[in-house]
Amino acid sequence: MSLEIKNIGPLPDFAAEITGVDLRQDLDDETFGAIERAVFENGVVVLPNQDIDDDQQIAFSERFGALEYSLRFHRHGDPIRPEISQLSNVGDDGLILKADSETMTYHRGNQLWHTDSSFKAVPAKCSILSGREVPPVAGGTEFADVRAAYDDWPGSETLGISKADLEGLVCEHSIIYSRSTIVGDIFTDEQKNAVPAVRQVLVREHSATGRKVLYVGSHCSYVIGWPTEKGRALIKELNDWVVQDKYVFRHTWRQHDLVIWDNRIVLHRGQTWAEEEHRRVMHRTTVAGDGPTTAQVAA
Ligand code: OGA
Ligand code: MN
């Protein structure tokens, strides 16, 4: 197989396109290794023309490691495999859902900058998103390089915080918190109990490349041991810093694109589209991380 890797992002080591590979075939170790390396080095990798089904997506994804099971809040029963998170505006009856339906309200959280599963004690490593049906306009996905953003961060004059001060800080992450900022309190008590808040380091080191990143995003709610408002102010400054245009790659979907990102390297968010007009059906597999970023404390 003649794999070609081409940079398509705003920075020389951020966002690549890979062609010359067919994920419906079994990949030899060398080809898979080249794709995995490209993900760890570029943060985002786009593989066009991968017309795969769920079984093929799962088989390919499992080469990166064990998969997470999707949360499945606000979804109706359907026969989809538990390794697949379905981001879809199409209901079980095949019709486009109303914008204010439970499912669409829940998924609206993906339009905030985030990193997948940072609300879990062991956050996700990679996410793999397959564009099964894509809208003809808009509905893209944006990615921000939190390595370059960390490298450049000058410190906060307003808050009197230097880059060195960030080392050792730990934040609480919660999906209940992040959803509350965009759609209010949509969870039942049982769901809340299923996803208790967790702790993550603020400066994280990538296990394969050693590069440091700002591990922030919408689930990040406050700094442990700091007054809530001061922590929120710092998190807001960092979130605003990392999503500056120069660190952002915007992907416009074509049907059968497969996009892989490393959640340790990028924040991402979905862009809006005419959601009551155009179908958008995306299937995601999520590769579990290697371990927690810091010790958890029982609630
Ligand atoms: C995701 C996600 C955004 C999008 O799949 O994790 O955030 O554009 N998706 O659908
Ligand atoms: Mn996501």
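Above this note sits the structure.
The sections below set out a description of the structure shown in this document. What you see is a predicted model; the values in this text were computed from it and never measured.

Let's shift gears to the pairing of strand 14 (residues 266–270). For strand 14, the buried fraction is high: four of the five residues fall into the buried class. Here five bridges tie strand 6 (residues 141–145) to strand 14, and the two strands are oriented antiparallel to one another. The residue bridging Ala144 from the neighbouring strand is Leu267, located in strand 14.

Attention shifts here to the coordination of the manganese ion (ligand 2). The protein atoms that coordinate the manganese ion (ligand 2) are His114 (NE2), Asp116 (OD) and His268 (NE2), at distances spanning 2.1 to 2.2 Å. Taking relative accessible area as the criterion, Asp116 reaches 4% and is therefore assigned buried. On the accessibility criterion, His268 (4% relative accessible area) is buried.

A full pass over the atoms with the stated rule returns seven aromatic pairs. Pairing Phe143 with Trp261 gives two aromatic rings, centres 5.3 Å apart and planes at 55°, and the pair type is tilted. In this pair, Phe143 is assigned in strand 6 and Trp261 in strand 13 (residues 258–262), connecting sequence segments 118 residues apart. Trp261 carries the same exposure label as Phe143, and that label is buried. Of note, Arg264 hangs over the ring of Phe40, and the distance from its end group to the ring centre comes to 5.1 Å.

Glancing now at helix 8 (residues 228–242). With 15 residues, helix 8 should reach 21 Å at 1.5 Å per residue; the first-to-last C-alpha distance of 21 Å fits that figure. Gly231, Leu234, Ile235, Leu238, Asn239, Trp241 and Val242 are the residues of helix 8 that are buried. Down the axis of helix 8, the buried side of the element spans an arc of 160°, and every buried residue falls inside it. Exposed side chains of helix 8 directed beyond 90 degrees from the buried face belong to Glu229 and Lys236.

All right, on to the sheet that holds strand 8 (residues 198–201) then. The strand order across the open sheet formed by three strands is 8-7-11, and the pairing between neighbours is antiparallel. Strands with a single pairing partner mark the edges of an open sheet, and in this sheet they are strand 8 and strand 11 (220–223). Strand after strand, the sheet turns through a mean of 40° between neighbouring axes, direction not considered. Bridge analysis of strand 7 (residues 170–173) against strand 11 gives three bridges, and the strand direction is antiparallel. By the bridge assignment for strand 11, His173 is matched with Cys220. Against the sheet, helix 8 contacts strand 7 and strand 11, and its axis sits at roughly 125° relative to strand 11.

Right, let's get into the site of ligand 1. Around ligand 1, the surrounding shell consists of Leu87, Asn110, His114, Asp116, Leu129, Gly140, Thr141, Trp261, His268, Gly270, Arg280 and Arg284. Between ligand 1 and Asp116, the relevant distance is 3.1 Å, taken from an oxygen atom to a side-chain nitrogen or oxygen of the residue. In this structure, an oxygen atom belonging to ligand 1 sits 2.6 Å away from a side-chain N or O atom of Arg284. When ligand 1 is considered free in solution it has 280 Å² of accessible area, and contact with the protein chains removes 99% of it. Along the lines of polarity and charge, the residues of the shell around ligand 1 split into three nonpolar, six polar and three charged.

Before going further, it helps to examine the environment of Leu47. In this structure, Leu47 sits in strand 3 (residues 44–47). With 57 residues separating them in the primary sequence, Leu47 and Met104 have C-alpha atoms 27 Å apart. Not counting the four nearest positions on each side in its chain, Leu47 is found in contact with Ile18, Val21, His256, Asp257, Leu258 and Ile260.

So, how was this worked out
- Residues numbered from 1 in each chain as written.
- Chains lettered and ligands numbered in written order.
- Predicted model: local features only at pLDDT ≥ 70, side-chain atom pairs only at ≥ 80, totals over all residues.
- Heavy atoms only, no water.
- Buried < 20%, exposed > 50% of the residue type's maximum accessible area, 1.4 Å probe, protein only.
- Helix = DSSP H or I, 4+ residues; strand = E, 2+ residues; numbered from the N terminus.
- Pairing = 2+ DSSP bridges.
- Donors = N, O, S within 2.8 Å, 3.2 Å for Na, K, Ca; no water.
- Phe/Tyr/Trp six-rings, centres within 6.5 Å; stacked < 30°, edge-to-face > 60°.
- Lys NZ or Arg CZ within 6 Å of the ring centre and 35° of its normal.
- Expected span 1.5 Å × (residues − 1).
- Arc of directions from axis to C-beta.
- Axes fitted to C-alpha atoms, helices over the stretch in contact; angles between N-to-C directions.
- Contact = heavy atoms within 4.5 Å.
- Near = heavy atom within 4 Å.
- Polar contact = N/O pair within 3.5 Å; in protein donor to acceptor, adjacent residues only side chain to side chain.
- Areas by Shrake-Rupley, 256 points an atom, 1.4 Å probe, with all protein chains shown as cover.
- Nonpolar A, V, L, I, M, F, W, Y, C, P; charged D, E, K, R; others polar.

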